[in-house]
Amino acid sequence: HNEKLAIAFGLINTHPGTTLRITNNLRMCPDCHSTVKFITRISHREIILRDANRFHHFRDGTCSCADYWACRPWTR
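Just so it is clear, the model here is predicted, and its values are computed rather than measured.

We now examine the nonpolar core. Within the largest apolar cluster, 13 residues are counted, with the highest numbers of intra-cluster contacts made by Ile7, Ile22, Met28, Val36, Ile47, Leu49 and Phe58. Sorting the residues of this core by element identifies strand S1 (20–23), helix H2 (30–43) and strand S2 (47–50) as the ones contributing at least two each. Among the elements that take part in this core, H2 stands out by supplying 3 residues, more than any other. Apart from residues no more than four positions distant in its own chain, Val36 is found in contact with Ile7, Met28, Ile47 and Phe58.

Given below as structure tokens:
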């Protein structure tokens, strides 16, 4: 769940309204996917997250993948 830690660090150390760009070398789990959607809704920021397979663009509580990858069975 290193995405959550990276987002918290980014929110603390950047100006309000700044887009956060995060790269992750592992696949994003459904819990982190839901959490990032919630964070974008309450922080009014855009978060672009690159995981092992694709880019996720989170904005206003939604993701560019339309939750397709978050609903897939979690595999390592």
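Whenever strands of a sheet pair, they do so through backbone hydrogen bonds, lying parallel or antiparallel. Across the sheet, 4 strands lie side by side as S1-S2-S3-S4; this open sheet has mixed pairing. In the strand order of this sheet, the two ends are held by S1 and strand S4 (62–63), each with one partner. Looking at chain direction, strand S3 (residues 55–59) and S4 are connected through 2 bridges and run antiparallel. Across the sheet, residue Phe58 finds its bridge partner in S4, namely Cys63. Strands S1 and S2 of the sheet are contacted by helix H1 (residues 2–13), whose axis makes an angle of about 150° with S1. Seen against the sheet, H2 touches S2, S3 and S4 and runs at an angle of roughly 35° to S3.

For H2, with 14 residues, the first-to-last C-alpha span of 20 Å sits near the 20 Å given by 1.5 Å per residue. All of the buried residues along H2 are Cys32, His33, Val36, Lys37, Ile39 and Thr40. Viewed along the axis of H2, the buried residues span an arc of 160°, placing them on a single side of the element. Across H2 from its buried face, at more than 90 degrees, point the exposed residues Phe38, Arg41 and Ile42. Residues of H2 that are buried make contact with H1, S2, S3 and S4.

What counts as what
- Residues numbered from 1 in each chain as written.
- Predicted model: local features only at pLDDT ≥ 70, side-chain atom pairs only at ≥ 80, totals over all residues.
- Heavy atoms only, no water.
- Core = buried A, V, L, I, M, F, W, Y, C linked by side-chain atoms within 4.5 Å.
- Buried < 20%, exposed > 50% of the residue type's maximum accessible area, 1.4 Å probe, protein only.
- Helix = DSSP H or I, 4+ residues; strand = E, 2+ residues; numbered from the N terminus.
- Contact = heavy atoms within 4.5 Å.
- Pairing = 2+ DSSP bridges.
- Axes fitted to C-alpha atoms, helices over the stretch in contact; angles between N-to-C directions.
- Expected span 1.5 Å × (residues − 1).
- Arc of directions from axis to C-beta.

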